[in-house]
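Now for the letters of each chain:
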Amino acid sequence: IAIGSGVAQTLGAGVGDMVQLISPNGVQGPFGTSPRTSTYEVVHVFQVGRFDIDRVRVYMPFAEAQSYFNRDNVVDELEVLVEDPERIDAYLDDILAAAGPNMLSWTWQQSAGGFLRALEMEDNIMFVILSILVLIATLNITSGLIMLVKNKGRDVGILRTMGLSQGSILRVFFICGASIGIIGTAIGVVLGCLFAIYIDPIFNSVNWLLGGGVWDPSVRFISQLPAELQWADVLSAVAMSLGLSFIVTIFPARRAARMNPVEALRYE
């Protein structure tokens, strides 16, 4: 038989050890049902990364399982693995047709429906939180440009008296604020992509520095944190960051463009 890593840890068993399985549905006798016991050799210890599977599951040859559970020539359940799990609905008709009549389907999306909805809600909430953080960061651009406009009021007034138009002044300050947003977004995208790609080594390093216990599979039900870089998410984050930084830059830039050169040079 092959046992999960959690089962092996609980039993203290490894490859080559003998384990005894006990089933309450055994042989019918005059004094009732006696438990069925069989001893098997452990030939493999597997780990799929899900704590709820690794700690409870055991695999054995199909014929031996039928004999052990007294289910000769009976198949209770068929598990089918497909190449593209996201398109499971496209496979259902062919699978049910091949399985025969009176068969019911139970997909991974149905079994993990609540978990998938929780992940979708978490994804939306995280995007809202990210938007708020980016908005707070862009307000620093606004405050910095306002101080820049105030400090450069004399220079703006001189440029206006020399014939520089309001549009030119607006473009100058807009470029100043937009360049900050572009540089910050570029640095954030690079760091974020690297963090997503190397998330497991980062967690392992943190776990090693803190002496373990940072990632407990018994609590989180997965042995490691999988991450897949989705370019659609990256592009949406970039668009949101650049959009907010450009929008908040317009207001101090318009204030500088509308500055009256007479008021700017009155006390100079």
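The structure contained in this document is the topic of the report that follows. Everything numeric here is computed off the predicted structure, so don't read it as measured data. (Residues numbered from 1 in each chain as written. Predicted model: local features only at pLDDT ≥ 70, side-chain atom pairs only at ≥ 80, totals over all residues. Heavy atoms only, no water.)

As for the overall build of the protein chain
Reasoning step 1: When its secondary structure is counted, the protein chain shows 12 helices and five strands.
Reasoning step 2: Against the globule reference of 18 Å for 268 residues, the protein chain gives a C-alpha radius of gyration of 32 Å, more extended than a compact globule.
Reasoning step 3: Expressed as lengths along the three principal axes of its C-alpha atoms, the size of the protein chain is roughly 110 × 50 × 30 Å.
Reasoning step 4: Buried residues in the protein chain amount to 22% of all 268 residues.
Reasoning step 5: In the protein chain, of all internal contacts separated by at least 6 residues, the share reaching a separation of at least 24 is 64%.
Reasoning step 6: Distance from the positive charge centre (17 side chains) to the negative charge centre (25 side chains) of the protein chain: 23 Å. (Helix = DSSP H or I, 4+ residues; strand = E, 2+ residues; numbered from the N terminus. Rg over C-alpha atoms; globule rule 2.2 N^0.38 Å. Buried < 20%, exposed > 50% of the residue type's maximum accessible area, 1.4 Å probe, protein only. Contact = heavy atoms within 4.5 Å. Lys, Arg positive; Asp, Glu negative; His and termini not counted. Charge placed at Lys NZ, Arg CZ, Asp CG, Glu CD.)

Concerning the nonpolar core
Reasoning step 1: One finds Ile1, Ile3, Val7, Ala8, Ala13, Val19, Tyr40, Val42 and Tyr68 forming the largest nonpolar core, which totals nine residues.
Reasoning step 2: Setting aside anything within four residues of it in sequence, one finds isoleucine 1 in contact with Val19, Tyr40, Glu41, Val42, Val43, His44, Val58, Tyr59 and Met60.
Reasoning step 3: Counting seven residues, the second-largest nonpolar core is a separate cluster that includes Val149, Val156, Ile169 and Ala257. (Core = buried A, V, L, I, M, F, W, Y, C linked by side-chain atoms within 4.5 Å.)

Details of the packing of aromatic side chains
Reasoning step 1: Taken as a whole, this structure holds four aromatic pairs when the rule is applied.
Reasoning step 2: Aromatic pair phenylalanine 174 and phenylalanine 246: ring centres 5.8 Å apart, planes at 50°, arrangement tilted. Taken together, the residues phenylalanine 174 in helix α8 (residues 166–197) and phenylalanine 246 in helix α11 (residues 231–257) connect sequence positions 72 residues apart.
Reasoning step 3: The positively charged end of arginine 87 is found above the aromatic ring belonging to tyrosine 91, 5.8 Å away from the centroid. (Phe/Tyr/Trp six-rings, centres within 6.5 Å; stacked < 30°, edge-to-face > 60°. Lys NZ or Arg CZ within 6 Å of the ring centre and 35° of its normal.)

Examining the sheet that holds strand β1 (residues 2–4)
Reasoning step 1: The mixed open sheet is built from three strands, whose spatial order is β4-β1-β5. For this open sheet the edge positions go to β4 (44–46) and β5 (58–59), each flanked by a neighbour on one side alone.
Reasoning step 2: Bridge count for β1 against β4 is three bridges, and the pairing is parallel. Looking across to β4, one finds that glycine 4 is bridged to phenylalanine 46. (Pairing = 2+ DSSP bridges.)

A word on the packing of α8 against α11
Reasoning step 1: The geometry of α8 relative to α11 is characterised by a closest axis approach of 8 Å and an angle of 155° between their N-to-C directions. The angle between the axes of α8 and α11 places the two elements in the roughly antiparallel class. Considering the relative orientation of α8 and α11, their crossing is right-handed. In this structure, α8 contributes Gln166, Ile169, Leu170, Phe173, Phe174, Gly177, Ala178, Gly181, Ile182, Thr185, Val189 and Cys193 to the contact, and α11 contributes Val234, Val238, Ser241, Leu242, Ser245, Phe246, Thr249, Ile250, Ala253, Arg254, Ala256 and Ala257.
Reasoning step 2: Tallied by class, the residues present in the contact of α8 with α11 amount to 16 nonpolar, seven polar and one charged. (Axes fitted to C-alpha atoms, helices over the stretch in contact; angles between N-to-C directions. Parallel < 35°, antiparallel > 145°, perpendicular 65-115°, else oblique. Left-handed = near helix turned anticlockwise from the far one by under 90°. Nonpolar A, V, L, I, M, F, W, Y, C, P; charged D, E, K, R; others polar.)

A short note on a nonpolar patch on the surface
Reasoning step 1: Taken together, the side chains of Val190, Leu194, Phe195, Ile197, Tyr198, Ile202, Val206, Trp208, Leu209 and Leu210 define a hydrophobic patch exposed on the protein surface, amounting to about 1100 Å² of accessible area.
Reasoning step 2: Within the residue set of the nonpolar patch, elements represented by two or more residues are α8 and α9 (199–209).
Reasoning step 3: Mapped onto the elements, phenylalanine 195 comes out in helix α8. (Patch = residues over 30% accessible without salt bridge, like charges linked within 9 Å, V, L, I, M, F, W, Y side chains within 5 Å. Areas by Shrake-Rupley, 256 points an atom, 1.4 Å probe, with all protein chains shown as cover. Salt bridge = Lys/Arg side-chain N within 4 Å of Asp/Glu carboxyl O.)

So, the layout of surface pockets
Reasoning step 1: Counted as a void, the second largest pocket has a volume near 650 Å³.
Reasoning step 2: As for the second largest pocket, its lining consists of 20 residues, and the residues nearest its centre are Val58, Tyr59, Phe62, Ala65 and Phe69.
Reasoning step 3: Those elements giving two or more residues to the lining of the second largest pocket turn out to be β2 (18–29), β5 and α3 (62–68).
Reasoning step 4: Partitioning the lining of the second largest pocket into residue classes produces 13 nonpolar, two polar and five charged. (1 Å grid on protein atoms, 1.4 Å probe; cavity = no way out; pocket = protein on both sides within 12 Å on 5 of 7 lines; lining within 4 Å. Points joined across faces, edges and corners; volume = space filled by probe spheres on them.)

Focus: the side chain of threonine 142
Reasoning step 1: By secondary structure assignment, the location of threonine 142 is in helix α6 (residues 113–151).
Reasoning step 2: One polar contact links the side chain of threonine 142 to the main-chain carbonyl oxygen of valine 248, over a distance of 3.4 Å.
Reasoning step 3: When sequence neighbours within four positions are dropped, the list of residues in contact with threonine 142 reads Val248 and Pro252. (Polar contact = N/O pair within 3.5 Å; in protein donor to acceptor, adjacent residues only side chain to side chain.)

Overview of the packing of α6 against α11
Reasoning step 1: Between α6 and α11, the shortest axis-to-axis distance is 9 Å and the interhelical angle comes to 25°. The orientation of α6 with respect to α11, classified from their angle, is roughly parallel. In this structure, α6 crosses over α11, and the sense of that crossing is right-handed. The residues of α11 that touch α6, namely those facing Phe127, Leu130, Ser131, Val134, Leu135, Thr138, Ile141, Thr142, Leu145, Ile146 and Val149, are Ser236, Ala237, Met240, Ser241, Leu244, Ser245, Val248, Thr249, Pro252, Arg255 and Ala256.

A few points about the side chain of aspartate 54
Reasoning step 1: Note on placement: aspartate 54 falls in helix α2 (residues 51–54).
Reasoning step 2: For aspartate 54, which is buried and forms no salt bridge, the nearest opposite charge comes from arginine 57, at a distance of 8.2 Å.
Reasoning step 3: Discounting chain neighbours no more than four positions away, the residues touching aspartate 54 are Gly4, Ser5, Gly6, Val7, Phe46, Gln47, Val48 and Gly49.

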